[in-house]
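# Analysis of the macromolecular model
What follows is the residue order along each chain.
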Amino acid sequence: MDAIAQSLADPSTRGWYLLFCSALLILPMVALAIWFHRRIGTSPGGRALMRRQRGARISARGSLADAAYNAGDGVSIMRDIQSGRYGQHTKALMARVYWICGAWVLLNTVAFGILIWADEINRVVE
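Predicted model, so just to flag it, every value in this text is computed and none were measured.

Our focus in this paragraph is the environment of D119. Positionally, D119 belongs in helix α5 (residues 88-122). The sequence separation of D119 and H89 amounts to 30 residues, and the corresponding C-alpha distance is 45 Å.

A few words now on the confidence of the model for the protein. For the protein, the mean per-residue pLDDT works out to 90, and 95% of the residues sit at or above 70. The spread of mean pLDDT over the elements of the protein runs between helix α1 (residues 2-9), the lowest at 87, and helix α2 (residues 11-40), the highest at 95.

The next point concerns the pattern of salt bridges. Under the definition given, this model contains 5 salt bridges. A salt bridge links R14 to D119; its shortest N-O distance comes to 2.8 Å. Of the two residues, R14 sits in helix α2 while D119 sits in helix α5, which places them 105 residues apart along the sequence. Look at R14 and you get partly exposed, because its relative accessible area is 28%. Across the pair R85 and D80 runs a salt bridge, and its minimum N-O distance is 3.0 Å. A single network of salt bridges, built from pairs that share partners, joins R52, D73, D80 and R85.

Looking now at the nonpolar core. Note on soluble globular proteins: their nonpolar side chains tend to be buried together. Residues L32, F36, I40, L49, M50, I77, I81, Y86, L93, M94 and V97 constitute the largest nonpolar core, which totals 11 residues. Within the residue set of this core, elements represented by two or more residues are α2, α3 (44-54), α4 (64-83) and α5. Those residues in contact with I77, other than ones at most four positions away along the chain, are L49 and R52. Residues L8, C21, L24 and A118 belong to the second largest nonpolar core, which totals 7 residues.

Criteria and thresholds
Throughout, a residue's number is its position along its own chain's written sequence, starting from 1. At least 70 in pLDDT is required for a residue's local features to be given in this predicted model, at least 80 for side-chain atom pairs to be given and counted, and no such filter applies to totals for whole chains, interfaces and linings, which use all residues. The side-chain values count all of the structure's non-hydrogen atoms but skip hydrogen atoms and water molecules. Think of it this way: any DSSP run of H or I at least four residues long counts as a helix, any run of E at least two long counts as a strand, and we number them from the N terminus. Each residue carries a pLDDT score, the predictor's confidence in it, ranging from 0 to 100. Any carboxyl oxygen of Asp or Glu within 4 Å of a side-chain nitrogen of Lys or Arg constitutes a salt bridge here. Only protein chains enter the accessibility calculation, which uses a 1.4 Å probe; a residue whose area is less than 20% of its type maximum is buried, one above 50% is exposed, and one in between is partly exposed. Nonpolar cores were defined as sets of buried Ala, Val, Leu, Ile, Met, Phe, Trp, Tyr and Cys residues, with membership established by side-chain atoms within 4.5 Å. Contacts are assigned to residue pairs that have any heavy atoms within 4.5 Å of one another.

Here's what the structure looks like:
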């Protein structure tokens, strides 16, 4: 563990690690979005889900009422997916997306946690 902290004390290594963390933050979600949109349209239930999602109230000057409506609609969509309203393909696809997002959050927590931990270890107290 000391070797990790010492290597992240080097500005060059820290910069590369921060670049890696940034890529870990952005690239998996871009890949997931592309993969999801290609797969969701392959079933009638998935197409119906996307039509419903496109009907959400979105505006540049959204109000608190719009946000509450969209949050409620999002919960309703999740319940409908879980009940199988959009079919088993869509339900299985969304379950996979939830697991991937959970793993992504965990990996980002670990990656940025290591960076924060190393900063604390390497901090010079005057």
